[in-house]
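# Close look at the chain arrangement
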Amino acid sequence: ARAFGVRSGIPGRRARELCRDLVFVGGHFDEYQRLGDAAIGVLAKYTRATYPTRVRACALSSLGFAVSPLAVGTLLELARAIEGPLREALVRALASREETSARAGLVALARDPGSPLRDLAAIALAQVGAPEAVSVLEELLQDPGPRASRLILALGETGDPQAPGVLQHLLDRHGSMFAEDISSALGELSTPESTRALLSLLQKGVVDEDVIYRALAKSGDASAQQALLAAAESGKGSALATLSSLE
């Protein structure tokens, strides 16, 4: 499946588009439901309980699979109250929900200037392929902070055809500051549009050749692989070195 561009964390719909023969392995959803409902009953009362971190993270993840509609409301309530290392588990649990209210909750968290979960919520939206992901990430990157690199890479996880344009705009604004992250995100997108954007950057000489070739090598787009092979055959040292490193 990886040969077709399927990677960890991408939405199932996108994975199926990339690899039509993909086989999905089912989980024990009856057990998730039972444990998730039990977790709701406890966590709704004790949002700051002092259980060991691993147990609490597991309970929060269980909420993501719970069938009860109360789960989304409980997760959103916890998102506004909880502190510490459980934030990522909480956001992942929200992202795993299929209800539109869960996605709307993540968008609200990502756009709330006072929320400490803004970046994590935006990244989760990208990983589930939410239509709002690109615009939310673009808003956050108007004022790049310490997590700018991770947010840029998240643009590459959206699979959205608008993402290459946003990444190009970021490069125009910030020059070489995020050039490697932007190139990597374009490679992760694995679309003909992102390949064209990478080749345009290569032609303009605004990004080091080896960075572009590594991004092309990572891409699952056939035209990216063809471009890399063509560059290697023409004697481009960086392209040859990139291909050698893959062997």
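Think of each chain on its own: its residues are numbered from 1, step by step along the sequence as written. Predicted model: local features are reported for residues with pLDDT of at least 70 only, side-chain atom pairs are reported and counted for 80 or more only, and whole-chain, interface and lining totals are derived from all residues. Side-chain metrics rest on all non-hydrogen atoms present in the structure, leaving aside hydrogens and water.

### Examining the overall build of the chain
For the record, the criterion: Helix and strand assignments follow DSSP, with helices taken as H or I runs no shorter than four residues and strands as E runs no shorter than two, numbered in order from the N terminus. The rule is simple: take the accessible area with a 1.4 Å probe, protein chains only, and divide by the maximum for that residue type; under 20% is buried, over 50% is exposed, in between is partly exposed. Between two residues, a contact is recorded if the distance between any of their heavy atoms is within 4.5 Å. Method for areas: the Shrake-Rupley scheme with a 1.4 Å probe, in which residue coverage is limited to the protein chains shown.
Tallying secondary structure elements over the chain gives 15 helices and 0 strands in all. Taken over 247 residues, the chain has a buried fraction of 44%. Relative to all contacts within the chain whose residues are 6 or more apart in sequence, the contacts with residues 24 or more apart total 58%. If you sum the accessible surface of the chain, you get close to 13,000 Å²; carbon and sulfur atoms cover 53% of it.

### Thoughts on helix α9 (residues 148-157)
Residues of α9 that are buried include every one of A148, L151, I152, A154, L155 and G156, and no others. Considering only its buried residues, α9 is in contact with α7 (118-127), α8 (133-140), α10 (163-174) and α11 (179-189). Immediately downstream of α9, the backbone of G159 shows phi near 70°, a positive value.

### Points about the environment of E98
Looking at the element boundaries, E98 is found in the loop between α5 (87-95) and α6 (100-110). Linking E98 and V128, residues 30 residues apart in sequence, is a C-alpha distance of 9.9 Å.

### With respect to empty space enclosed by the protein
Where empty space is left in the structure can be found by rolling a water-sized probe over the atoms. Going by this rule: With a 1 Å grid spanning the protein atoms alone, the term cavity applies to any set of points in which a 1.4 Å probe fits but cannot get out, the term pocket to an open set with protein on both sides within 12 Å along at least five of seven lines, and the term lining residue to any residue with an atom within 4 Å of a point. Grid points are joined across faces, edges and corners, and a volume is the space filled by probe spheres set on the points.
Enumeration according to the criterion identifies 2 cavities of 30 Å³ or more in this entry. Size it by volume and the largest cavity reaches roughly 110 Å³. As for the largest cavity, its lining consists of 13 residues, of which I10, R14, E157, G159 and E188 are closest to the centre. Elements with a minimum of two residues in the lining of the largest cavity: α1 (12-18), α9 and α11.

### Focus: the pattern of salt bridges
Here is the rule: Counted as salt bridges are all cases of a side-chain nitrogen of Lys or Arg within 4 Å of a carboxyl oxygen of Asp or Glu.
Summed over all chains, the structure comprises 11 salt bridges. The shortest N-O distance in the salt bridge between E139 and R111 comes to 3.0 Å. Taken as a pair, E139 in helix α8 and R111 in the loop between α6 and α7 lie far apart in primary sequence, 28 residues in all. Taking the shortest distance from any N to any O, the salt bridge between R214 and D210 comes out at 3.5 Å.

### Side note on the nonpolar core
Counted only if it meets this: To form a nonpolar core, buried Ala, Val, Leu, Ile, Met, Phe, Trp, Tyr and Cys residues must be joined to one another through side-chain atoms within 4.5 Å.
Ranked by internal contacts, the top residues of the largest apolar core, which has 60 residues, are L106, I152, L155, L167, I182 and L186. The dominant element in this core, judged by the number of residues it contributes, is α7, at 7 residues.

### Considering the packing of α11 against helix α13 (residues 209-218)
So the rule is basically this: Where helices are involved, their axes are fitted lines through C-alpha atoms of the stretch in contact, as for all axes, and angles between N-to-C directions lie from 0 to 180°. Throughout this description, any angle smaller than 35 degrees is read as roughly parallel, any larger than 145 degrees as roughly antiparallel, any in the 65 to 115 degree range as roughly perpendicular, and the remainder as oblique. Less than a right angle of anticlockwise turn of the near helix away from the far helix marks a crossing as left-handed, whereas a clockwise turn marks it as right-handed. Think of it as three bins: nonpolar holds Ala, Val, Leu, Ile, Met, Phe, Trp, Tyr, Cys and Pro, charged holds Asp, Glu, Lys and Arg, and polar takes everything else, Gly as well.
Across the interface, α11 lies against α13 with an axial gap of 7 Å and an inter-helix angle of 25°. Between α11 and α13, the crossing angle belongs to the class labelled roughly parallel. As for the relative orientation of α11 and α13, their crossing is right-handed in sense. Residues E180, S183, S184, G187 and E188 of α11 form the contact with α13, whose own contacting residues are V211, I212, R214, A215 and K218. Along the lines of polarity and charge, the residues of the contact of α11 with α13 split into 3 nonpolar, 3 polar and 4 charged.

### Some details on the packing of α8 against α9
A packed helix pair is summarised by two numbers, namely the angle formed by the two axes and the spacing between the axes. Where α8 contacts α9, the two axes come as close as 10 Å, and the packing angle between them is 160°. Put simply, α8 runs roughly antiparallel to α9. Read as a crossing pair, α8 and α9 show a hand that is left-handed. Of the residues in α9, those touching α8 at V134, L137 and L140 are L151, A154 and L155. Its residues assigned to classes, the contact of α8 with α9 comprises 6 nonpolar, no polar and no charged.

### Thoughts on unusual backbone geometry
Phi is positive for S190, close to 55°, though the residue is something other than glycine. Looking at where S190 falls in the secondary structure, it is placed in the loop between α11 and α12 (192-204).

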